[in-house]
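Here is how the chains run, residue by residue.
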Amino acid sequence: MAEQERSATKGTARKTAKKAPAKASSGNTRKRTQPSSRGPERLSGPRAAARGAQQLVELTGRELEGVVGLSSDGDGWSVQVEVVEMRRIPSTTDVLAIYEVDLDGAGDMQSYRRLDRYLRGAAGEGR
């Protein structure tokens with residue numbers, strides 16, 4: 001008999017349990033913005049630099065050293081990326097290169113070109 005009472009109590013609890021009403025928003029949540037009809041949103045500088053470096057590495061297969069320059073022309077971005085072109089021993093004789101990657105405002109690569117090539121141990125701007 002006690003077992004029947006327990007099962008009856010469980011069934012009643014299931015039937016009477018109600019979900020708590022959703023809490024009202026406190027106003028501190030961000031509103032989701034709808035995509036504009038103007039096209040893709042323009043990238044920020046850090047995101048443009050990361051996209052340019054990523055696309056260059058994928059295209060060339062070179063090892064990334066870092067982003068060494070970034071500029072905007074209003075419509076897109078120009079990213080200067082340093083890569084390892086050839087590993088050598090000792091590492092101070094590695095061959096490095098600077099590539100310039102041109103991106104449109106959405107971060108898609110438009111062009112790239114090698115600007116300079118030099119040994120890691122070479123000092124100075126005019127190498």
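Check the entry above for the structure.
Residue numbers restart at each chain and count upward from 1, following the sequence in its written direction. Two thresholds apply to this predicted model, a pLDDT of at least 70 for residue-level local features and 80 or more for giving and counting side-chain atom pairs, whereas whole-chain, interface and lining totals are computed over all residues. Values shown for side chains rest on all heavy atoms present in the structure; no hydrogens or waters enter the calculation.

## Quick look at the pairing of strand S1 (residues 63-72)
- Any two strands are treated as partners once DSSP identifies two or more bridges connecting them. Strands here are runs of E lasting at least two residues and helices are runs of H or I lasting at least four, both read from the DSSP assignment and numbered beginning at the N terminus. As judged from the eight bridges shared by S1 and strand S2 (residues 76-86), these two strands associate in the antiparallel manner. The residue bridging Glu63 from the neighbouring strand is Val84, located in S2.
- Adjacent in sequence and paired antiparallel, S1 and S2 are bridged by three residues, among which Gly74 carries a positive phi angle near 100°.

## What to know about the packing of aromatic side chains
- For Phe, Tyr and Trp, rings pair up if their centres lie within 6.5 Å, where Trp contributes its six-membered ring, and each pair is then called stacked (planes under 30 degrees apart), edge-to-face (over 60) or tilted (otherwise). One pass over the structure, following the stated rule, counts one aromatic pair.
- Note on Tyr99 and Tyr112: the rings are 6.0 Å apart at their centroids and 40° apart in plane angle, and the pair reads as tilted. Taken together, the residues span a long stretch of sequence, with Tyr99 in strand S3 (residues 95-104) and Tyr112 in strand S4 (residues 109-119) at a distance of 13 residues.
- Residue exposure (1.4 Å probe, protein chains only): buried if accessible area is under 20% of the type maximum, exposed if over 50%, otherwise partly exposed. A relative accessible area of 7% places Tyr99 in the buried class.

## Here we look at helix H2 (residues 45-60)
- In a helix, the anticipated span is given by 1.5 Å times the number of residues less one. Between its first and last C-alpha, H2 extends 22 Å over 16 residues, near the 22 Å set by a 1.5 Å rise per residue.
- Among all positions in H2, only Gly45, Ala48, Ala49, Gly52, Ala53, Gln55 and Leu56 are buried. Projected down its long axis, H2 shows its buried positions confined to an angular sector of 165°, all on one face. Seen from the open side of H2, the exposed residues pointing more than 90 degrees away from its buried face are Pro46, Arg47 and Glu58.
- In this analysis, two residues are considered to be in contact whenever any of their non-hydrogen atoms come within 4.5 Å of each other. Buried residues belonging to H2 abut S1, S2, S3 and S4.
- Positioned one or two residues after H2, Gly61 has a phi angle of 80°, which is positive. The arc in question is traced by the directions running from the helix axis to the C-beta atoms.

## Focus: the pattern of salt bridges
- Criterion for a salt bridge: a side-chain nitrogen of Lys or Arg within 4 Å of a carboxyl oxygen of Asp or Glu. By the definition in use, this model includes ten salt bridges.
- For Asp94, the salt bridge is made with Arg120, and the minimal N-O distance between the two is 3.1 Å. Here the residue Asp94 occupies a position in the loop between S2 and S3, and Arg120 occupies one in the segment after S4, the gap between them amounting to 26 residues.
- In this structure, Asp102 and Arg113 form a salt bridge, with 2.9 Å as the shortest nitrogen-oxygen distance. Of this pair, Asp102 sits in strand S3 while Arg113 sits in strand S4, placing them eleven residues apart in sequence.
- Shared partners join several salt bridges into a network, and the residues in it are Glu63, Glu65, Arg87, Asp94 and Arg120.

## Topic: the side chain of Glu85
- Looking at where Glu85 falls in the secondary structure, it is placed in strand S2.
- In protein, a polar contact requires one atom able to donate a hydrogen and another able to accept it; more generally it is a pair of N or O atoms within 3.5 Å, and residues adjacent in sequence count only if both atoms are side-chain atoms. In terms of polar contacts, Glu85 uses its side chain to reach the side chain of Arg114, at 3.0 Å.
- Setting aside anything within four residues of it in sequence, one finds Glu85 in contact with Arg62, Val95, Leu96, Ala97, Tyr99, Arg114 and Arg117.

## Observations regarding the nonpolar core
- Grouping buried Ala, Val, Leu, Ile, Met, Phe, Trp, Tyr and Cys residues that are joined through side-chain atoms within 4.5 Å yields what is termed a nonpolar core. Ranked by size, the top nonpolar core spans 13 residues in total, and within it Leu56, Val81, Val83 and Leu103 carry the most contacts.
- At the level of elements, H2, S2 and S3 are the ones that each hand at least two residues to this core.
- What Leu56 contacts, discounting residues up to four positions off in sequence, is Gly61, Val81, Val83, Tyr99, Val101, Met109 and Tyr112.

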